[in-house]
Structures are given as structure tokens and as C-alpha cells.
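Survey of secondary and tertiary structure
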Amino acid sequence: MNKFHRLLLIGALVTVTRPGIAQQIKLSADVKQALTKVSPDQIKADIAYLADDKLQGRLPGTPGFQMAIDYVVGRLQSLDVKPAGENGTWLQQVKLRRAFVKTPAITLDNGLPVISGTDYTISPNPVMPAVNFNAPLVFAGYGISEPALGYDDYAGLDVKGKVIVITRGSPDKFSSSVAAHTMNAAKILKEAAAHGAIGVIMANADSTLRMTAANRGVYSVLDKQGNVVVSRTYANKINMVAAFGYKLFNTLLKQSGKSMPALLAQLKAGTPVSFPLNTGIHASYTSTYIDVMGYNIIGKIEGSDPILKKQYIVHSAHLDHLGVSTPVEGDSIYNGAHDNASGVASLLGIATIYKNIKVKPKRSILTVFVTGEELGELGSGFFAKEPTVPIKDIVADVNTDMPTIIAPLLSVTALGAEHSSLSKQVAEAAGYLGLGVEDDPEPKQARFTRSDQYSFVLAGIPALHIKYGSKTVDGKNNMNDLVAPWRAKYYHKPQDDINGIFDFEAGKKYAQLNFLIGYLVAQDPIKPTWNKGDIFGTN
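Attention in this report is confined to the structure presented alongside it. (Residues numbered from 1 in each chain as written. Predicted model: local features only at pLDDT ≥ 70, side-chain atom pairs only at ≥ 80, totals over all residues. Heavy atoms only, no water.)

What about the overall build of the protein chain?
To keep it simple, the criterion reads: Only runs of H or I of at least four residues qualify as helices and only runs of E of at least two qualify as strands under DSSP, and these elements are numbered from the N terminus. Between the two quantities, the radius of gyration covers C-alpha atoms and the globule rule is 2.2 Å times the number of residues to the power 0.38. Throughout, exposure labels follow a simple rule: accessible area from a 1.4 Å probe, protein chains only, divided by the maximum for the residue type, with under 20% read as buried, over 50% as exposed, and the rest as partly exposed. The contact rule is simple, with two residues in contact once any of their heavy atoms fall within 4.5 Å. Only the protein chains shown count as cover for residues, and all accessible areas are computed by the Shrake-Rupley method using a 1.4 Å probe.
Broken down by element type, the protein chain carries 14 helices and 20 strands. The C-alpha radius of gyration of the protein chain comes to 24 Å, within 12% of the 24 Å expected for a compact globule of 539 residues. Projecting the C-alpha coordinates of the protein chain onto the three principal axes gives extents of approximately 75 × 50 × 50 Å. Each of the 539 residues in the protein chain was classed as buried or not, and the buried ones make up 58%. Sequence separation of 24 or more characterises 83% of the internal contacts of the protein chain that already satisfy a separation of 6 or more. If you sum the accessible surface of the protein chain, you get close to 21300 Å²; carbon and sulfur atoms cover 54% of it.

And the structure:
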């Protein structure tokens, strides 16, 4: 789970178990036997090594992250997985650029006084060291353009050569996944650029929130030519990404004859409100950079069908964590045992199963251990845009991120499966293992768009992420009552080490379930598809 989402993680658990819809699958004796080869002890050993203090929290670009790479590559070699990175290696280079903003300055043509850090902040630009421009300001609602869903903030609005001011949100009629997708910062910037805007200002409509002037650096991924491939704060032709505080935003609206409560209510009701703000902006700032090299690890298990083996199912998990940071109870090493050494161990468990299958599935399998998830899904974003195999041949992604192996696994939620035909394989695999499949207990958290599977979704590839369900051994079926206090104590804290709470048998079952989902997709002659009309299949 990446740090940009940590404030979204607490919610009530309300689950609905879906009725059984899948027929019992039949597996060969070979596959059945291979499933038993996942070892809880090995999962524990993998987590213990990756979360050891000597790896210093596996921050990309550090010796500890390199130790993690060496360990995973060694394990893959022992499991007969073949390298599928760049130039016949195990690795894909991911150039991580950390950008810092210097000398930010904004003035408004209407003479309204504004103060950096109080009224506005400017994000650094990863490729333009110096920016200086003038442009008109226009309000563009949420910055959403979805005509197919009956909503378009840009309809009838000319933003060419202008800076748009938006407020983050979405119409109430949007489902949680659709809302999160349309509110994604990278998507908002892409829409703005497509309509000709040269800047985007995200305005705070909540009077209780204060701006922070902290400048810890913003990460992006650059390709070998120096072009930005993945970023939350940059899009081609967008000169500036900034934020306005509540007070300044409210004042600008009043000067345009608008009431913020009325405007927000109209937007929430699904009626776009866009208009010129009757002032221009002059903005200037400089950016400085620190570059580090991160790496994705890519392994391949070749399929058995002469034709279908050219297609791939990806099993992904992020290898990185937060490194060394602010001490908590005297400990400053953020080991990331659950997040996400456990997910890495699960992928190695999947590779273990494949090692013991004599006849491999029809399609090929890629095990992709990505970097920079904690920095904003950077490694997966880069792989999904510039994969080491043809993008058209990747048919699905099954992601594992912090599976939360702290209690017996009795039921699961398949985040995102409801958007595609992958729901069929989920139901079949879960049924085989005797697991219930439940609806997302926290739909408003939009967890489907908050980890590495979303990078594949943005590339048009059906994807999912398996999380725990509500069922518990005592029959109370209140798993969240156990998870919530655990999360508060361990999530993104140094206490998330091998001495925490674990159920390694649950880890084994996660690996078996994710293996079966991928295996069934690999065997199916029909490629996974998005559901008809689904937003993820049309964007």
C-alpha cells in the first residue's frame, strides 16, 4: 500500500457474500500435487530476510534495495524461472527522479495578495528547470471529461493556453471505482493537456484542511531519452501543477459572483459548472533534481502452447518499502514485512508451484517485482507503459500487495474483478479452495485504484487484487475488528517487522489462490475482457 493513500485506510466493514456461480474446476494430479509445495515455513523465511534490519527498509536506490533484488533473483533462479528483463537480464532499469521546487512565486492580475505555503504551493517540474509564464485563469469544475457517462466539465469551455482551477471530487452518481479513476491526478492532467490547458491548479474546498509548505521532493520516472513516463505532477504541455488553499479559492469564487456551497452542490448533483475567473496569473519557479536508479525484476515461465505461449499473465508485487525515516518508539527502520515482503513471498510461492508442474499452462507467466510503489506506483507504471514483452500480449495482471496474513483466510474480496471477465476465474479458484468471495467491504475507499494493479488497468489490461474477506474462525465474521487495530499499530510503521502478527498458513493459501486465478486464465483459450461499457475498458 503506498503512502499517498494512508489516510484512506480506515473504514467500516460491511460485506455481502456472493452466491456460488462457478462450477467446480478440475485440475490434473500434477497441478494438485504442485499446489501442496507452497511452504508456510519458506514464506516466513522469505519475509524474514526481506524485512531484516540489514536491508534498511528497501528504499529504491539504496544498498538494502539491492540486497532485496539479489535475494529475489537468487530465489527465482532456484525455482527455474527464466530472466525476462532488459537485454536478457533479470532487471528493467527504472530511472527515478526526485524533484524539488525552488523560488515559487505566483501573482494574480487582480491584485489579490497571495503567500507561498499559505495560499498556494507549486509542484516541481521534473524536466523544466525554470518556468515563467502568464495565462488567464478558468474554473473547470472537477476537471473530468466523461461524455459517455453524461458528465463533461470541458463542454463549451475554452481552456487553450489557460490555467484551469479545479476542485477534487466527482458527481455522486459515479460509483466508487469510477470516481477514483476520474479523480486520478495523472488522468486529470492528461485531460487538461488534451483540451489545451497549460497549467492545473487543484483548489481546496475544505476549510478544515491547511496547506503544507514542506518540500520533501516529488518522484517521477524518466525513460532513457529523458522523457517523463510516469508522474503524478507532470503531463506533456502542462507548465505548472499547483494547489490553492481554501481561503484563496473561496475569494476567487466570490469575486466571480459564485457561492462555494452552491457550486459544490451543483457539481455533486452531476451538473458541470465551468467559467472564467476574471483574472490572470503570473507564475515562476525553478526545480532541482536527484536521480536514482530503481529496478523491476522480471521472470518468465514459458507456456506450453505453440501459439498462446506468446501471451502473458503477469503476477505482480512491489519489492520496495519506506527505508529509514522518522523514529517510532525508538525504531527508525521501516522494514515492511507485511507491506510488501509478504506479497513478494507470495509470488515466490507461485513460482514454487510452477516449478513442480511438469506441463506448463498454455500461456506464459511473468513474475514482476516492481520498484517505487510507495512513491506512487512508479515501477508498475513504467512496466505497464514500456514492458519487456509486447504490451498487446499481456492479457491480465494479478497483483499482490500486503495480503494481510494475520488470521486464517476463509473468504476474500477480489478488488476489480467485477469490472472484467476475471470474476469467472476468481470464483472458480476460490471455490476450489473452499473460500467465499465477497463484495468489497470498503467501496468508498476505492482500493482497486490504489496499488500496482491500477497501472495495468490504465494500460487497458484487466487486473485484480485479492484482499481478505470478513469470515472468521469464531463465526462472528468481523475480520475488520482484528485488522483495524493491527493496521493502526503496524501499517507504515517500523513495527511492521517479522516480530509482528502473522499467519503463514494464510500466506500459503493466498499464494495458492493467486496461482489458480492466473493458471486458469493461462489455460483459457479466450482472453480476459472488460465488461461491456465498463469505464476501464473505454479509457
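Things to note about the side chain of Gln495
Spelled out, the test is: In protein, a polar contact means a hydrogen-donor-capable atom and an acceptor-capable atom, both N or O and within 3.5 Å, with residues adjacent in sequence counting only if both atoms are side-chain atoms; elsewhere, any N or O pair within 3.5 Å suffices.
Along the polypeptide, Gln495 turns up in the loop between helix 12 (479-490) and helix 13 (504-523). At a separation of 3.2 Å, a polar atom in the side chain of Gln495 contacts the main-chain carbonyl oxygen of Val328. Setting aside chain neighbours within four positions, we find Gln495 in contact with Val328, Glu329, Asp331, Lys489 and Tyr490.

Let's talk about the packing of helix 2 (residues 40-50) against helix 13
Between two packed helices, the angle of one axis relative to the other and the distance separating the axes together describe the packing. Put simply, the rule reads: Comment: axis = line fitted to C-alpha atoms, over the contacting stretch for helices; angle = value between 0 and 180 degrees taken between N-to-C directions. An angle counts as roughly parallel when it lies under 35 degrees, as roughly antiparallel when it exceeds 145, as roughly perpendicular when it falls between 65 and 115, and as oblique in every other case.
Close contact between helix 2 and helix 13 brings their axes to 8 Å; oriented N to C, the two are set at 100°. The angle between helix 2 and helix 13 falls in the class roughly perpendicular. Contact residues: helix 2 offers Pro40, Ile43, Lys44 and Ile47, while helix 13 offers Phe504, Glu505, Gly507 and Lys508.

Points about unusual backbone geometry
The step from Asp339 to Asn340 runs through a cis peptide bond, and the omega angle for that step is 10°. Counting through the fold element by element, Asn340 comes out in helix 8 (residues 337-355). For Asn87, which is not glycine, the phi torsion reads 55° and is therefore positive.

Considerations on the pairing of strand 13 (residues 312-318)
Rule in force here: Strand pairing is assigned whenever DSSP identifies at least 2 bridges connecting the two strands.
Buried residues dominate strand 13, accounting for seven of its seven residues. Both faces of strand 13 are covered, namely the face carrying Tyr312, Val314, Ser316 and His318 and the face carrying Ile313, His315 and Ala317. Where strand 13 lies against strand 17 (residues 394-399), five bridges are found, and the strand directions are parallel. From the neighbouring strand, Val314 faces strand 17, where its bridge partner is Asp397.

Description of the nonpolar core
Spelled out, the test is: Buried residues of nine kinds, namely Ala, Val, Leu, Ile, Met, Phe, Trp, Tyr and Cys, make up a nonpolar core once their side-chain atoms join them within 4.5 Å.
Grouped together as the largest cluster of nonpolar side chains are 78 residues, with contacts concentrated most on Ile47, Leu50, Ile297, Leu319, Leu513 and Phe515. Element by element, the count of residues in this core is highest for helix 13, at 12 residues. Ignoring anything within four residues of it in the chain, the contact list for Ile297 reads Ile69, Val72, Val73, Leu76, Trp90, Leu91, Leu319, Thr367, Val368 and Phe369. The next biggest cluster of nonpolar side chains, apart from the first, holds 60 residues, and it includes Val114, Leu137, Phe383 and Ile461.

Some words on the pattern of salt bridges
This is how the line gets drawn: In the sections that follow, a salt bridge refers to a side-chain nitrogen of Lys or Arg positioned within 4 Å of a carboxyl oxygen of Asp or Glu.
Across all of its chains, the model carries 14 salt bridges by this definition. The salt bridge involving Lys355 is made with Asp80; its shortest N-O contact spans 3.0 Å. Here Lys355 is found in helix 8, whereas its partner Asp80 is found in the loop between helix 3 (63-78) and strand 1 (82-83), with 275 residues between them in sequence. With relative accessibility at 37%, the residue Lys355 sits in the partly exposed group. Across the salt bridge formed by Asp291 and Arg97, the nearest N and O atoms sit 2.8 Å from each other. Of this pair, Asp291 sits in strand 12 (residues 274-301) while Arg97 sits in strand 2 (residues 91-108), and the two are 194 residues apart along the sequence. You can call Arg97 buried: its relative accessible area is 13%. Put simply, Lys95, Arg97 and Asp291 are held in one network by salt bridges that share partners.

Examining the pairing of strand 9 (residues 218-222)
Burial analysis of strand 9 places four of its five residues in the buried class, which makes it a mostly covered element. Two strands pair when backbone bridges link them, and strand 2 and strand 9 are joined in this way by five bridges, in the antiparallel orientation. Bridged to Arg97 within strand 9 is Ser220. Where strand 9 lies against strand 10 (residues 228-231), three bridges are found, and the strand directions are antiparallel. In the sheet register, Ser220 faces strand 10, and the bridge partner there is Ser231. Joining the antiparallel neighbours strand 9 and strand 10 is a turn of five residues, in which Gly226 adopts a positive phi near 85°.

Some points on the environment of Arg168
Tracing the backbone shows Arg168 in the loop between strand 7 (163-167) and helix 4 (176-183). Taking the relative accessible area as the measure of exposure, Arg168 reaches 39% and is therefore partly exposed. Between the alpha carbons of Arg168 and Asn184 there is a distance of 9.2 Å; along the sequence they are 16 residues apart. Not counting residues up to four positions away in its chain, the partners in contact with Arg168 are Tyr142, Met183, Asn184, Ala185, Ile188, Met202 and Ala203. A distance of 2.4 Å separates the side chain of Arg168 from the backbone oxygen of Met183, its partner in a polar contact.

What about the environment of Gly141?
With respect to the element layout, Gly141 can be found in the loop between strand 4 (130-140) and strand 5 (145-146). Under the relative-accessibility criterion, Gly141 is labelled buried at 0%. Separated by 122 residues in the primary sequence, Gly141 and Leu263 have C-alpha atoms spaced 8.8 Å apart. Not counting the four nearest positions on each side in its chain, Gly141 is found in contact with Asp153, Val165, Ile166, Thr167, Leu267, Val273 and Ser274.

Here's the deal with the packing of aromatic side chains
Heads up, the condition is: Only the six-membered ring of Trp is used, alongside the rings of Phe and Tyr, when aromatic pairs are assigned; centres must lie within 6.5 Å, and planes under 30 degrees apart are stacked while those over 60 apart are edge-to-face, with the rest tilted. Here, a charge over a ring is recorded when the distance from Lys NZ or Arg CZ to the ring centre is within 6 Å and its angle to the ring normal is within 35 degrees.
Per the counting criterion, the structure on display carries 12 aromatic pairs. Centroid distance Tyr142 to Tyr151: 6.2 Å. Interplanar angle 35°. Geometry classified as tilted. Accessibility classification places Tyr142 together with Tyr151 in one group, the buried group. With a centroid separation of 5.2 Å and 5° between ring planes, the pair formed by Phe502 and Phe504 is classed as stacked. With respect to burial, Phe502 and Phe504 carry one shared label: buried. Three or more aromatic residues link up through ring pairs in this structure, and these residues are Phe139, Phe249 and Phe275. Over the ring of Tyr289 we find Arg97; its NZ or CZ atom is 4.4 Å from the centre of that ring. Of note, Lys258 hangs over the ring of Phe275, and the distance from its end group to the ring centre comes to 4.8 Å.

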